[in-house]
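Topology and contacts: notes
Here is how the chains run, residue by residue.
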Amino acid sequence: MIMATMGPRIVLIQLTTLILLSTKSTTTGLMSCNGVIGELTPCLDYITDKSSSPSDDCCQGVKYIVGSVRGAGDRKAICECIKSVVPNLPGYDPNRIPPLPKKCGLTINLPPIYANTDCSKW
(Lines give C-alpha, C1' and ligand atoms only; values in the text may rest on other atoms or scores of the structure.)
Protein backbone atom coordinates (compact mmCIF):
# COMPACT_ATOMS: atom_id res chain seq x y z
CA MET A 1 0.00 0.00 0.00
CA ILE A 2 2.78 2.44 0.89
CA MET A 3 4.64 1.70 -2.35
CA ALA A 4 1.46 2.28 -4.37
CA THR A 5 1.03 5.75 -2.90
CA MET A 6 4.74 6.54 -3.20
CA GLY A 7 4.81 5.99 -6.99
CA PRO A 8 3.53 9.45 -8.04
CA ARG A 9 5.68 11.13 -5.38
CA ILE A 10 8.79 9.41 -6.70
CA VAL A 11 7.91 10.47 -10.24
CA LEU A 12 7.32 14.04 -9.04
CA ILE A 13 10.67 14.07 -7.26
CA GLN A 14 12.38 12.75 -10.38
CA LEU A 15 10.68 15.33 -12.58
CA THR A 16 11.49 18.12 -10.13
CA THR A 17 15.13 17.03 -10.21
CA LEU A 18 15.09 17.25 -14.00
CA ILE A 19 13.74 20.79 -13.76
CA LEU A 20 16.46 21.70 -11.27
CA LEU A 21 19.10 20.40 -13.64
CA SER A 22 17.69 22.11 -16.71
CA THR A 23 19.17 25.37 -17.92
CA LYS A 24 15.77 27.01 -18.28
CA SER A 25 14.89 28.98 -15.16
CA THR A 26 11.22 29.88 -14.93
CA THR A 27 10.20 32.17 -12.11
CA THR A 28 6.89 33.60 -11.06
CA GLY A 29 7.02 36.68 -8.89
CA LEU A 30 9.50 35.58 -6.25
CA MET A 31 8.88 31.85 -6.76
CA SER A 32 10.80 29.47 -9.00
CA CYS A 33 9.21 26.59 -10.88
CA ASN A 34 10.75 24.31 -8.28
CA GLY A 35 8.95 26.32 -5.61
CA VAL A 36 5.64 25.94 -7.46
CA ILE A 37 6.11 22.17 -7.72
CA GLY A 38 7.13 22.00 -4.07
CA GLU A 39 3.98 23.83 -3.02
CA LEU A 40 1.83 21.52 -5.16
CA THR A 41 3.39 18.26 -3.95
CA PRO A 42 0.77 17.88 -1.17
CA CYS A 43 -1.88 18.00 -3.94
CA LEU A 44 -0.71 14.75 -5.56
CA ASP A 45 -3.44 12.59 -4.07
CA TYR A 46 -6.10 15.04 -5.24
CA ILE A 47 -4.83 15.58 -8.81
CA THR A 48 -4.26 11.85 -9.32
CA ASP A 49 -7.81 11.06 -8.21
CA LYS A 50 -6.78 9.28 -4.99
CA SER A 51 -8.62 11.78 -2.79
CA SER A 52 -11.98 13.48 -3.32
CA SER A 53 -10.75 16.74 -1.83
CA PRO A 54 -7.39 18.49 -1.45
CA SER A 55 -5.58 18.31 1.87
CA ASP A 56 -5.05 21.36 4.07
CA ASP A 57 -1.36 21.34 3.07
CA CYS A 58 -2.36 21.28 -0.59
CA CYS A 59 -4.66 24.28 -0.09
CA GLN A 60 -1.94 26.17 1.77
CA GLY A 61 0.38 25.60 -1.20
CA VAL A 62 -2.25 26.69 -3.72
CA LYS A 63 -2.95 29.83 -1.68
CA TYR A 64 0.76 30.60 -1.50
CA ILE A 65 1.13 30.22 -5.27
CA VAL A 66 -1.94 32.35 -5.98
CA GLY A 67 -0.60 34.98 -3.59
CA SER A 68 2.65 35.14 -5.57
CA VAL A 69 0.89 36.05 -8.83
CA ARG A 70 1.58 39.63 -9.85
CA GLY A 71 0.19 39.58 -13.38
CA ALA A 72 -0.33 37.69 -16.62
CA GLY A 73 3.35 36.80 -16.90
CA ASP A 74 3.26 35.06 -13.53
CA ARG A 75 0.07 33.16 -14.43
CA LYS A 76 1.69 31.99 -17.66
CA ALA A 77 4.90 30.95 -15.88
CA ILE A 78 2.94 28.96 -13.28
CA CYS A 79 0.95 27.25 -16.02
CA GLU A 80 4.13 26.44 -18.00
CA CYS A 81 5.76 25.07 -14.86
CA ILE A 82 2.80 22.84 -14.01
CA LYS A 83 2.52 21.80 -17.66
CA SER A 84 6.17 20.72 -17.73
CA VAL A 85 5.76 18.30 -14.80
CA VAL A 86 2.24 17.34 -13.80
CA PRO A 87 0.86 15.79 -17.04
CA ASN A 88 3.65 13.18 -16.79
CA LEU A 89 2.41 11.89 -13.43
CA PRO A 90 0.80 8.45 -13.51
CA GLY A 91 -2.94 8.83 -12.92
CA TYR A 92 -2.94 12.62 -13.40
CA ASP A 93 -6.42 13.97 -14.16
CA PRO A 94 -6.28 17.44 -15.78
CA ASN A 95 -9.93 18.01 -14.92
CA ARG A 96 -9.00 18.07 -11.22
CA ILE A 97 -7.08 21.35 -11.68
CA PRO A 98 -10.00 23.77 -12.39
CA PRO A 99 -11.97 23.00 -9.19
CA LEU A 100 -8.84 23.01 -6.99
CA PRO A 101 -8.88 26.74 -6.09
CA LYS A 102 -12.59 26.70 -5.25
CA LYS A 103 -12.13 23.62 -3.05
CA CYS A 104 -9.41 25.63 -1.27
CA GLY A 105 -11.64 28.68 -0.80
CA LEU A 106 -10.19 30.79 -3.64
CA THR A 107 -11.95 32.49 -6.54
CA ILE A 108 -9.22 32.22 -9.20
CA ASN A 109 -10.02 30.20 -12.33
CA LEU A 110 -7.56 27.62 -13.60
CA PRO A 111 -7.75 25.71 -16.87
CA PRO A 112 -7.31 21.95 -17.10
CA ILE A 113 -3.57 21.63 -17.73
CA TYR A 114 -2.57 19.17 -20.43
CA ALA A 115 0.87 18.75 -21.98
CA ASN A 116 -0.36 20.87 -24.93
CA THR A 117 -2.21 23.60 -22.97
CA ASP A 118 -1.60 27.10 -24.36
CA CYS A 119 -0.55 28.90 -21.20
CA SER A 120 -0.58 32.30 -22.93
CA LYS A 121 -4.40 32.16 -22.91
CA TRP A 122 -4.64 31.79 -19.15
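The structure contained in this document is the topic of the report that follows.

About the thresholds
Residues numbered from 1 in each chain as written. Predicted model: local features only at pLDDT ≥ 70, side-chain atom pairs only at ≥ 80, totals over all residues. Heavy atoms only, no water. Salt bridge = Lys/Arg side-chain N within 4 Å of Asp/Glu carboxyl O. Helix = DSSP H or I, 4+ residues; strand = E, 2+ residues; numbered from the N terminus. Buried < 20%, exposed > 50% of the residue type's maximum accessible area, 1.4 Å probe, protein only. Disulfide = S-S within 2.5 Å. Core = buried A, V, L, I, M, F, W, Y, C linked by side-chain atoms within 4.5 Å. Contact = heavy atoms within 4.5 Å. Expected span 1.5 Å × (residues − 1). Lys, Arg positive; Asp, Glu negative; His and termini not counted. Polar contact = N/O pair within 3.5 Å; in protein donor to acceptor, adjacent residues only side chain to side chain. Axes fitted to C-alpha atoms, helices over the stretch in contact; angles between N-to-C directions. Parallel < 35°, antiparallel > 145°, perpendicular 65-115°, else oblique. Nonpolar A, V, L, I, M, F, W, Y, C, P; charged D, E, K, R; others polar.

The next thing to look at is the pattern of salt bridges. Within this structure, the stated rule accounts for three salt bridges. For the salt bridge of Asp-49 with Arg-96, the shortest nitrogen-to-oxygen distance reads 3.2 Å. In this pair, Asp-49 sits in the loop between helix H3 (44-47) and helix H4 (56-68) while Arg-96 sits in the loop between helix H5 (72-85) and helix H6 (100-103), placing the two residues 47 residues apart along the sequence. Accessibility expressed as a relative area gives 49% for Asp-49, which makes it partly exposed. A relative accessible area of 14% places Arg-96 in the buried class. Close ionic contact of Lys-121 with Asp-118 constitutes a salt bridge, the shortest N to O distance being 4.0 Å.

Taken as a whole, this structure holds four disulfides when the rule is applied. The disulfide partner of Cys-79 is Cys-119, and the S-S distance across this bridge is 2.1 Å. On the sign convention where negative means left-handed, the S-S torsion of about -70° between Cys-79 and Cys-119 marks this disulfide as left-handed. Highlighted residues: Cys-79 in helix H5 and Cys-119 in the segment after H6, separated in sequence by 40 residues. Overall, Cys-79 belongs to the buried group, its relative accessible area being 0%.

Moving on, we get to the nonpolar core. In terms of nonpolar packing, the biggest core is built from 29 residues, with Val-36 and Ile-47 touching the most fellow members. Sequence-distant contacts of Ile-47, that is, excluding residues within four places in its chain, are made with Val-86, Leu-89, Gly-91, Tyr-92, Asp-93, Arg-96 and Ile-97.

Before going further, it helps to spend a moment on H5. Because each turn of an α-helix spans 3.6 residues, side chains separated by three or four positions in sequence point in the same direction. The end-to-end C-alpha distance of H5, which contains 14 residues, comes to 20 Å, matching closely the 20 Å that a straight helix rising 1.5 Å per residue would cover. Within H5, the full set of buried residues consists of Asp-74, Ala-77, Ile-78, Cys-79, Cys-81, Ile-82, Lys-83 and Val-85.

The topology assignment puts Asp-74 in helix H5. Buried charge without a salt bridge: Asp-74, with Arg-70 as the nearest opposite-charge side chain at an N-O distance of 5.6 Å. Here the side chain of Asp-74 touches Arg-70 through a polar contact of 2.6 Å, landing on its backbone nitrogen.

The subject of this paragraph is the packing of helix H2 (residues 33-40) against H4. For the pair H2 and H4, the least separation of the axes is 7 Å and the interaxial angle reads 150°. Our classification of the angle between H2 and H4 gives roughly antiparallel. Residues Val-36, Glu-39 and Leu-40 of H2 pack against Gly-61, Val-62, Tyr-64 and Ile-65 of H4. Within the contact of H2 with H4, the residues separate by chemical class into five nonpolar, one polar and one charged.

The subject of this paragraph is the side chain of Thr-48. Structurally, the position occupied by Thr-48 is in the loop between H3 and H4. There is a polar contact of 2.5 Å between the side chain of Thr-48 and the backbone oxygen of Leu-44. With near-sequence residues (within four places) excluded, Thr-48 lies in contact with Pro-90, Gly-91 and Tyr-92.

Moving on, we get to H4. Taking 1.5 Å per residue, 13 residues should reach 18 Å; H4 reaches 18 Å between its end C-alpha atoms and fits that length. Taken as a whole, H4 has its buried residues at Cys-58, Cys-59, Gly-61, Val-62, Ile-65 and Ser-68.

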